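# Structural overview for review
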Amino acid sequence: MDPATPQFWLLAAIVGGAFAIEATSGFGATILIVTFGVHLFPITTLLPVIVPLGLVLSVWLAWSNREHVDGALVARRILPLM
């Protein structure tokens, strides 16, 4: 991925829009980025970039809103199923 190419900046716009949607709705960024980004770059190039970005966004959102998370519910009902 070369920042001098128009494809890079188009992918950056796709990533920004998809992560904005995920921050609002809670899901969907990876699906949107892969769906639209595969037209610009191979999937083997996209996934190693997109997955860590998604992890960082999810951790940031969870940490910044941790006071609204019911820890007991997460520990008893959600984590065992994961």
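Across the chain, the average pLDDT comes to 88, with 100% of residues at 70 or higher. Between the elements of the chain, mean pLDDT differs from a low of 87, seen in helix α1 (residues 6–25), to a high of 92, seen in helix α4 (residues 71–78).

What the rule picks out here adds up to one aromatic pair. In this structure, R66 is placed above the aromatic ring of W63, and the distance from its NZ or CZ to the ring centre is 4.0 Å.

Moving on, we come to the nonpolar core. L11, I14, V15, A18, F19, A29, I33, F41, L46, I50 and L57 form the largest nonpolar core, which has 11 residues in total. Counting only elements with at least two residues in this core, the list comes to α1, α2 (29–37) and α3 (43–64). Sequence-distant contacts of I33, defined by excluding residues within four places in its chain, comprise L11, I14, V15, A18, F19, V38, L46 and I50.

The next point concerns the environment of T5. Within the element layout of this structure, T5 appears in the segment before α1. Using a relative accessible area of 24% as the deciding quantity, one classes T5 as partly exposed. In this structure the C-alpha to C-alpha distance between T5 and R76, which are 71 residues apart in sequence, comes to 48 Å.

Here is what the cut-offs are and how they apply
- Residues numbered from 1 in each chain as written.
- Predicted model: local features only at pLDDT ≥ 70, side-chain atom pairs only at ≥ 80, totals over all residues.
- Heavy atoms only, no water.
- pLDDT = per-residue confidence, 0-100.
- Helix = DSSP H or I, 4+ residues; strand = E, 2+ residues; numbered from the N terminus.
- Phe/Tyr/Trp six-rings, centres within 6.5 Å; stacked < 30°, edge-to-face > 60°.
- Lys NZ or Arg CZ within 6 Å of the ring centre and 35° of its normal.
- Core = buried A, V, L, I, M, F, W, Y, C linked by side-chain atoms within 4.5 Å.
- Buried < 20%, exposed > 50% of the residue type's maximum accessible area, 1.4 Å probe, protein only.
- Contact = heavy atoms within 4.5 Å.

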